[in-house]
Amino acid sequence: MKQWRWLGVYGICALLSSPMPAQTLKEKMPKLLPWSQQIAVREGWLTKRHAMLLDMMRRHNVDMWIVVNEEFHDDPLTEYIAPPRPYTGNRDIFVFVDAGEKGLKKIAVTGYSQESVGKFFEKSNEPQPDAAKELRALWDTYHPAHIALGIDGKRGVTRSLTRSSYAYLAESMGPQAAQRFVPAQDLITEYLETRLPEEFDIYMQMVVVTDLITKRGLSNEAITPGKTTVGEVVNWFYDQMWESHVTTWFAPHLRIQHQGLTLVRERGHMADAQWSDIFQLGDVIHLDFGITYMGLNTDWQKMAYVLKPGETDAPPGLKQAMKNMNAVQEALAFRAARPGRTGAEVYKPAMDEMAQKGIEAMIYSHPIGNQGHGLGAWMDARVAQAEQEAKQAPVDSNFSTVQRLRKGSYLSVELNAQTSVPEWGGQKVYIMGEDDAYLTDEGYKFFQPRQTDFYLINSK
């Protein structure tokens with residue numbers, strides 16, 4: 001990682017801001033850590049996270065937090081609250097207790113003895129611990145007023161406790177303890193949304209990897225117009241992730257716009273291209289792509305144009321369409337977003353600015369980090385509507401209905417602009433952008449320079 005630190009954010013950006021041949025881009029790929037070193041680094045992060053947890057629990061009125069990992073049905077929280085290693089002990093139970101003046105007590109009741117778990121948790125001395133007995137003993141010792149579980153949350157990772165494990169906890173700890181069970185959503189949200197300074201360099205490398213693979217995929221290295229199919233390019237992306245030692249949290253998406261082509265919509269957006277579709281001259285190509293590495297995720301959307309014979313750049317109308325998309329990014333990331341604001345308080349002024357400028361825009365930006373669609377403040381029309389309704393609804397004591405932006409958190413600045421293109425007979429073209437960014441007092445800053453020009457694919 002030292003070779004990246006001396007460059008800093010802007011040094012890395014400068015490496016990739018100008019067009020490069022495909023082989024040169026491939027040579028710029030960061031060398032990522034082998035798995036054993038990844039685990040060591042992530043265990044260092046876990047120490048930092050555990051050090052912050054007691055204050056978080058007290059902010060959210062949580063006296064005990066229990067996470068249960070089931071064999072072959074991992075709880076998505078486990079790799080972030082315990083060492084990121086496989087767990088196959090039928091039920092592995094991790095308990096965090098606010099012990100008052102004694103601070104945070106951390107107890108693991110696991111089916112198999114693992115030395116790495118012992119670095120972070122107190123463990124039973126019994127070779128085959130009686131989990132039910134230990135859980136009951138924790139209740140008898142601490143009598144917590146609020147026992148937070150992954151139940152009744154709005155998002156998957158906040159409602160991940162299975163019915164079977166819920167019943168097991170209730171039976172083991174007893175009916176009085178079961179009456180103290182509460183949703184852990186607010187605690188989970190803050191815990192997972194809080195980014196560590198130590199994660200920054202790793203995440204920067206991830207964004208660089210995502211960007212380099214994207215630029216190669218939207219070039220003649222992967223696409224030969226009139227020959228290459230969408231399915232072949234999707235598989236090319238999978239193969240590049242394999243070579244780069246990363247995985248992904250969603251399938252790469254490709255969409256095609258062409259003069260005279262009727263757009264098909266899904267969920268209010270352009271539908272994916274068919275795998276059998278062949279890239280043609282004059283196509284506007286959209287890619288949605290992201291990677292997973294070290295328990296973190298990226299999300300990236302870029303646009304390419306297939307040059308027609310004699311062209312050296314995209315037509316002026318398409319270039320203006322790109323500028324309109326950039327204007328939406330600037331309104332949201334640079335002017336509207338600030339720590340402490342809600343998603344609606346960012347979404348509305350950005351959209352109002354677009355209306356004043358006559359730009360037809362959509363904003364659907366989301367937090368990113370430990371999850372691709374992360375926890376925290378989203379910015380889209382649904383959130384704006386929900387916040388308006390929440391102001392008139394009774395307060396839900398189980399968890400907050402409105403999320404606010406946290407300084408240092410990461411966001412996928414995801415949006416689009418629709419522009420009538422004169423060269424296409426006034427046909428509207430969607431230009432979509434998605435860039436990962438981090439929040440400062442002055443708004444969001446992008447990890448890499450955002451796209452301001454089409455990636456160009458030659459006609460031959």
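Residues numbered from 1 in each chain as written. Predicted model: local features only at pLDDT ≥ 70, side-chain atom pairs only at ≥ 80, totals over all residues. Heavy atoms only, no water.

Caption draft 1: Spatial organisation of the pairing of strand S18 (residues 443–446). Where strand S17 (residues 427–440) and S18 come together, four bridges link them in antiparallel fashion. By the bridge assignment, Tyr438 is partnered in S18 with Lys445. Remark: two residues form the turn of the hairpin made by S17 and S18, two consecutive strands paired antiparallel. (Pairing = 2+ DSSP bridges. Helix = DSSP H or I, 4+ residues; strand = E, 2+ residues; numbered from the N terminus.)

Caption draft 2: Structural detail: the nonpolar core. Ranked by size, the top nonpolar core spans 46 residues in total, and within it Ile202, Tyr203, Leu254, Phe279, Ile285, Tyr293 and Phe447 carry the most contacts. Those elements that place two or more of their residues in this core are helix H11 (200–217), helix H12 (230–244), strand S7 (253–257), strand S10 (284–289), strand S13 (300–306) and strand S19 (455–457). Of the residues forming this core, the biggest block, ten residues, is contributed by H11. Counting 43 residues, the second largest nonpolar core, distinct from the first, contains Ala337, Ile363, Leu405 and Val413. (Core = buried A, V, L, I, M, F, W, Y, C linked by side-chain atoms within 4.5 Å. Buried < 20%, exposed > 50% of the residue type's maximum accessible area, 1.4 Å probe, protein only.)

Caption draft 3: Here's a closer look at the packing of helix H7 (residues 131–142) against helix H8 (residues 163–173). Contact geometry of H7 with H8 gives a least axis separation of 8 Å together with a crossing angle of 65 degrees. Here H7 runs over H8; the crossing is right-handed. Judged by residue contacts, Ala131, Ala132, Leu135, Arg136 and Trp139 of H7 engage Tyr168, Leu169, Ser172 and Met173 from H8. A class-by-class count of the residues in the contact of H7 with H8 yields seven nonpolar, one polar and one charged. (Axes fitted to C-alpha atoms, helices over the stretch in contact; angles between N-to-C directions. Left-handed = near helix turned anticlockwise from the far one by under 90°. Contact = heavy atoms within 4.5 Å. Nonpolar A, V, L, I, M, F, W, Y, C, P; charged D, E, K, R; others polar.)

Caption draft 4: Structural view of empty space enclosed by the protein. By the definition in use, this model includes three cavities of 30 Å³ or more. By volume, the largest cavity amounts to about 100 Å³. Broken down by secondary-structure element, the contributors of at least two residues to the lining of the largest cavity are helix H4 (35–59) and helix H5 (78–81). If you tally residues by element for the lining of the largest cavity, the top one is H4, at four residues. Its residues assigned to classes, the lining of the largest cavity comprises five nonpolar, two polar and four charged. Of the volumes computed, that of the second largest cavity is approximately 50 Å³. As for the second largest cavity, its lining consists of Leu192, Glu193, Arg195, Pro367, Ile368, Gly369, Asn370, Gln371, Gly374 and Leu375. Here the lining of the second largest cavity is built from residues that sort into four nonpolar, four polar and two charged. (1 Å grid on protein atoms, 1.4 Å probe; cavity = no way out; pocket = protein on both sides within 12 Å on 5 of 7 lines; lining within 4 Å. Points joined across faces, edges and corners; volume = space filled by probe spheres on them.)

Caption draft 5: Geometry of the pairing of strand S3 (residues 104–109). Two elements, strand S2 (residues 91–98) and S3, share six bridges in a ladder whose sense is antiparallel. The partner of Ile93 across the bridge, within S3, is Val109. Hairpin connection, S2 to S3: the antiparallel pair is bridged by five residues, and Gly100 has positive phi, about 70 degrees. Judged from the two bridges that link them, S3 and strand S4 (residues 122–123) form a sheet pairing that is parallel. Bridge pairing in S4 places Ile107 opposite Glu122.

Caption draft 6: Examining the packing of helix H13 (residues 316–336) against helix H14 (residues 343–357) more closely. Where H13 contacts H14, the axes come no closer than 9 Å and their chain directions differ by 140 degrees. If you check the angle between H13 and H14, you find them oblique. Between H13 and H14 lies a crossing of right-handed hand. Each of Ala327, Val328, Ala331, Leu332, Arg335 and Ala336 in H13 lies in contact with H14, whose residues at this interface are Glu345, Val346, Pro349, Ala350, Glu353, Met354 and Lys357. Taken together, the residues that form the contact of H13 with H14 break down as nine nonpolar, no polar and four charged. (Parallel < 35°, antiparallel > 145°, perpendicular 65-115°, else oblique.)

Caption draft 7: Here's a closer look at the packing of aromatic side chains. Under the criterion given, the structure shown has 16 aromatic pairs. Ring plane angle 70 degrees and centroid distance 5.6 Å describe the contact between Trp65 and Tyr191, whose orientation is recorded as edge-to-face. A residue pair is termed long-range when its members are at least 10 positions apart, and Trp65 in strand S1 (residues 64–70) and Tyr191 in helix H10 (residues 185–193) qualify at 126 residues. Of the two residues, Trp65 and Tyr191, neither departs from the other in class, the shared state being buried. Ring geometry for Phe237 versus Phe289: centroids 4.9 Å apart, planes at 50 degrees, classification tilted. Here Phe289 lies in strand S10 and Phe237 lies in helix H12, a separation of 52 residues in the sequence. Residue Phe237 is classed as buried on the basis of its relative accessible area, which comes to 0%. Given a relative accessible area of 0%, Phe289 falls into the buried group. Through a chain of ring-to-ring contacts, three or more aromatic side chains come together here, namely Trp65, Tyr87, Phe94, Phe96, Phe121 and Tyr191. Sitting over the face of the ring of Tyr191, Arg49 holds its NZ or CZ atom 5.5 Å from the ring centroid. Note that Arg195 overlies the ring of Tyr410, its terminal NZ or CZ placed 5.7 Å from the centroid. (Phe/Tyr/Trp six-rings, centres within 6.5 Å; stacked < 30°, edge-to-face > 60°. Lys NZ or Arg CZ within 6 Å of the ring centre and 35° of its normal.)

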